[in-house]
Amino acid sequence: MFIDPHVHCRDGTQSYKETIAHALSVAERAGMSAIFDMPNTDPPIFRFEQAAERIALARQTKSPVWYGLYVGLSADREQIVDAVRAYDELPEVVGCKMFAGHSTGNLGVTDEKSQQFVYDTLAELGYTGVVAVHCEKESLMKPLLWNPLQPVSHCVVRPPQAEVASVRDQLSFARIADFNGTVHVAHISVPEAVDIVESYRKKMSVTCGVTPYHCLLDSSALEKKGLICKTNPPLHIKPMVDQMMDYLCSGAIDWIESDHAPHLLREKLHEPHLSGMPGMPFYPRFIQQIAPRMSTHLLHDVTFGNIQKKFGIDIPQRHCEPQTDLAREYEFDGFG
Ligand SMILES: [Zn+2]
C-alpha cells in the first residue's frame, strides 16, 4: 500500500534501538509495501561490501516488504566511486545519502567545498540516481545555546534558516556541477525551503519529502512533552507547521517519509539527548488524518506513486489493513 522511503534500521552496534528484521515486521503491519533504510548506522554504510552484507540481512528475513538501502557519501572520491558501483550493481541500493549537516552518527559532509566536490564527482561518474540530503547548514547552528532543561532551546540551536540556506546551497551546487540525477531534500520542514525547491523544479530534477511530525507537531510539543520530541530538523512554530500540512495537501511536496528513528528513552531524556522518534507506528494514523484533505489520486502519489516513479523501482503493491496500534512496539511515542 505505502512506501516509507526514510527508515533508520540500526543493525550494527546499535541494534538495541532497531533492527532490519523488527522494522520490516512493523512495516508489514503498518501497511508498507517497501521501506528504504538509511546508512548512518554504526559502523556507517559507505562501501559496496557493507551494502551487500546489509542487504543479505534483509533477505534473510523473507519479509513480504521490499527492502531498499541508501549508501552514505563522503568527500572521498574513491568512496563515492564505490557507492556508485553499489547503486549500479545491487538492485536494493536505491540511492546515496549525504548529511550536509551532522545528525545522528558521524556521517557529515558539512563544508560547502566538499559538498560541491560530491556533486562534481557524481556528475563526472555519470550517476543519475537520487541523492537524498539532510539539509541543515552547520555554520548556522548554535550548539552553545542548547539547554536540556529547556528542550525548546533545540529549535534555536538548529534554526529554520539553517535548513533554508542548506537547501539553497545544495540545489545551486548540483546545478553548477551539471548533476544529472535527482536531489532529494529529506524531511523538509520549513515552508520557505519548499518554495526554493519549487523554484528549481523547472531547472533540474528535485524532490522533497515531509515527515508526519513536521505537519502536526509544533515547537510547543517540546515544552509539553519534553525531550522525547527532539528531532533533526527540530519542530517549528505553529504557522510553519500548518503551512507544511497545506503544502502536503496541495501537492507541493513529493512524498511522506516517516524518518523512523527509535532510540532508548534514556538516550533521549539523558545525555546525549538524542534526536529522533519512531515514526512508522504512527504512519497509518497520519494517513487516516490527511485522507479527507486530499484526492485519492494525490494520496496515492504521496504515499507510493511518486516514490516508485522517482526511484524507478517496480515495487509490488501489498494490500492489507494497516494496524494503528504499533506504538507499543517502542518505549515511547512522541505523538502520544
Ligand atoms: Zn533520518
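Quick caveat: nothing in here was measured; it's all calculated off a predicted structure.

A. Quick peek at the coordination of the zinc ion. The protein atoms donating to the zinc ion are His6 (NE2), His8 (NE2) and Asp259 (OD), with metal-donor distances spanning 2.1 to 2.2 Å. All donors of the zinc ion come from a single chain, and their spacing in sequence reads H-x1-H-x250-D. Remark: Asp259 occurs in the loop between β8 (255-256) and α11 (265-269) and His6 occurs in strand β1 (residues 2-7); sequence separation between them is 253 residues. You can call His6 buried: its relative accessible area is 1%. Take Asp259: its relative accessible area is 6%, and that puts it in the buried class.

B. Focus on helix α2 (residues 48-60). In this model α2 runs 19 Å from its N-terminal to its C-terminal C-alpha over 13 residues, within 8% of the 18 Å that 1.5 Å per residue would give. All of the buried residues in α2 are Phe48, Ala51, Arg54, Ile55 and Ala58. Buried residues of α2, viewed axially, fall in a sector of 130°; they line one side. The outward face of α2, more than 90 degrees from its buried face, is lined by the exposed residues Glu53 and Gln60. Turning to α2, the residues buried within the fold contact α1 (20-30), β2 (32-37), β3 (66-72), α3 (77-89) and β4 (93-99).

C. Quick look at the packing of aromatic side chains. Inspection of every chain in the model, using the stated rule, returns eight aromatic pairs. Between Tyr87 and Tyr127 the ring centres are 4.9 Å apart and the planes differ by 65°, which places this aromatic pair in the edge-to-face class. In this pair, Tyr87 sits in helix α3 while Tyr127 sits in the loop between α4 (112-124) and β5 (130-134), placing the two residues 40 residues apart along the sequence. Judged by centre distance (5.7 Å) and plane angle (45°), the rings of Trp255 and Phe311 are tilted.

D. Summary view of the nonpolar core. Counting 79 residues, the largest nonpolar core has Ile35 and Leu248 as its most contacted members. At six residues, α1 tops the list of elements feeding residues into this core. When residues no more than four places from it in sequence are discounted, the contact partners of Ile35 are Asp4, Val7, Cys9, Ala23, Leu24, Ala27, Val65, Trp66, Tyr67, Gly68 and Met280. Membership of the second largest hydrophobic core comes to 14 residues, among which are Ile3, Phe36, Val130 and Ile313.

E. How the structure looks around the environment of Ile290. Looking at where Ile290 falls in the secondary structure, it is placed in helix α12 (residues 283-290). The buried category is assigned to Ile290, whose relative accessible area is 0%. Each C-alpha atom, one on Ile290 and one on Pro143, is 35 Å from the other, the two residues being 147 residues apart in sequence. Excluding residues within four positions of it along the chain, Ile290 makes contact with Met245, Leu248, Ile256 and Leu299.

F. Spotlight on unusual backbone geometry. Cis geometry is adopted by the peptide bond preceding Pro233, which originates at Asn232 and carries an omega value of -10°. Considering the arrangement of structural elements, one finds Pro233 in the loop between α9 (220-224) and α10 (238-249). Glu271 connects to Pro272 through a cis peptide bond whose omega is 5°. Along the chain, Pro272 turns up in the loop between α11 and α12. Positioned with a positive phi, Asp178 is a non-glycine residue whose angle comes to about 55°. Within the fold, Asp178 resides in the loop between α6 (160-176) and β6 (182-185).

G. Inspection of the pairing of β2 at higher detail. Along β2, six of the six residues are buried, which leaves the element largely enclosed by surrounding structure. With four bridges joining them, β1 and β2 adopt parallel strand pairing. Each residue of the ladder has a partner; that of Asp4, found in β2, is Ile35. Where the polypeptide runs from β1 across α1 and back to β2, its parallel neighbour, the crossover connection is right-handed. Judged from the four bridges that link them, β2 and β3 form a sheet pairing that is parallel. Each bridged residue has a counterpart across the sheet, and for Phe36 the counterpart in β3 is Gly68.

Conventions and cut-offs
Residues numbered from 1 in each chain as written. Predicted model: local features only at pLDDT ≥ 70, side-chain atom pairs only at ≥ 80, totals over all residues. Heavy atoms only, no water. Donors = N, O, S within 2.8 Å, 3.2 Å for Na, K, Ca; no water. Helix = DSSP H or I, 4+ residues; strand = E, 2+ residues; numbered from the N terminus. Buried < 20%, exposed > 50% of the residue type's maximum accessible area, 1.4 Å probe, protein only. Expected span 1.5 Å × (residues − 1). Arc of directions from axis to C-beta. Contact = heavy atoms within 4.5 Å. Phe/Tyr/Trp six-rings, centres within 6.5 Å; stacked < 30°, edge-to-face > 60°. Core = buried A, V, L, I, M, F, W, Y, C linked by side-chain atoms within 4.5 Å. Pairing = 2+ DSSP bridges. Right-handed = clockwise from strand over helix to strand, strands pointing away.

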